Amino acid sequence: FVLKNYRSTKLLSKMYTFCTIITANYLPFAKVLYTSLAKRDISVKLQVLVVDGNNFVTEENLFIHQTQDLVKDPVFKNIEKKYAHTNSDYFRWALKPIFISYLLGKEYEKVIFVDPDIYFVSNYDFLVNELDNASVLLSPHWISIEPSQMRDALIQMFRGGLFNAGFIGVSKKGLAAMKWWAEACHYNIEKQPQIGIYDDQKYLDILPVEFEDVKILKHKGCNLAEWNMNSCKRTIKNGQLLILGQYEPIFIHFTKDTIRHITNMNDYLLKQYLDEYMNLLNEKG
């Protein structure tokens, strides 16, 4: 009985998946993302929604989806009508909560969405485990908040949002939050910080207030990027790269600005990972 129960628990712990959304030209990025995930768990699955192509096929545990898979969602048609033929970025961003909900409606108990330019460099099991008791898992930007010294950064955080929409974890308990987020994205996705709107991202500030069991990821080795290079100091301790002297780097968000700051040596301690990332991108086409 104990052995059977252990196996059931282990099986349930595997009922999760990562996902991302891309345009067809970003397929190499999705492949590199998957490679970084599979390096730490060969059984991991990555679900990839390709919004503008239907000639890709599933390979290994990288599963391809098309927008037609989402047509049963009640908000999908409204989002497609509003954004699909006017702004491809808005369309992709607005589909995040719908794609997450679609996957949660399948066999998965937990879904972690990540942007395709994210790269995992360490074990991420704890991110999945965080969703055991959470409905939604959010990743702060960790922008500097010292008002007397970093006023511009503080204002930037208020304009762009407390949390980064390039990462969000959701369990089945978070379906109501995803429904609300999808409706908010349909309402408006624009960069209008003067009225409190910033793409799909600023809406995430509301989730911990309005929905139960929303958790904020406190590990500062997550979502390393140019926006937190000053507040999440990278240091070498006993030959190991650490964040603020204590956090292991978990995943890096290789935006264009992140890459620029690494290559111009403002964030040089991440260069070893950028070199690895670029080599993989070239390998994947």
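Structure shown above.
First things first, this report covers the structure right here in the doc. (Residues numbered from 1 in each chain as written. Predicted model: local features only at pLDDT ≥ 70, side-chain atom pairs only at ≥ 80, totals over all residues. Heavy atoms only, no water.)

This brings us to the sheet that holds strand S2 (residues 46-50). Ordered in space as S3-S2-S1-S4-S7-S6-S10, the 7 strands form an open sheet in which the pairing is mixed. The sheet terminates laterally at strand S3 (62-66) and strand S10 (214-216), the two strands that pair on one side only. Strand-to-strand twist of the sheet, defined as the mean angle between neighbouring strand axes without regard to direction, takes the value 25°. As judged from the 5 bridges shared by S2 and S3, these two strands associate in the parallel manner. Bridge pairing in S3 links glutamine 47 to phenylalanine 63. The sheet contacts of helix H5 (residues 96-104) involve strand S1 (16-22), S2, S3, strand S4 (110-114) and strand S7 (163-171), and relative to S1 the element is tilted by about 150°. Along the sheet, helix H8 (residues 175-187) makes contact with strand S6 (136-140) and S7, crossing S7 at roughly 140°. (Pairing = 2+ DSSP bridges. Helix = DSSP H or I, 4+ residues; strand = E, 2+ residues; numbered from the N terminus. Axes fitted to C-alpha atoms, helices over the stretch in contact; angles between N-to-C directions. Contact = heavy atoms within 4.5 Å.)

What follows is about the pairing of strand S12 (residues 240-243). For strand S11 (residues 234-237) and S12, the ladder comprises 4 bridges, and the chain directions are antiparallel. Paired with lysine 237 across the strands is glutamine 240, a residue of S12. Turn length for the S11-S12 hairpin, with the two strands adjacent in sequence and antiparallel, is 2 residues, and the turn residue asparagine 238 shows positive phi of about 55°.

In this section: the nonpolar core. Core analysis: the biggest nonpolar cluster contains 41 residues, and Leu95, Ile100, Val136, Ile168 and Leu207 have the highest contact counts within it. Elements with a contribution of two residues or more to this core: S1, helix H3 (76-83), helix H4 (88-94), H5, S4, S6, S7 and H8. Here this core takes 6 residues from H8, the largest share from any one element. Within the second largest apolar cluster, 30 residues are counted, among which are Ile22, Phe120, Leu127 and Leu131. (Core = buried A, V, L, I, M, F, W, Y, C linked by side-chain atoms within 4.5 Å. Buried < 20%, exposed > 50% of the residue type's maximum accessible area, 1.4 Å probe, protein only.)

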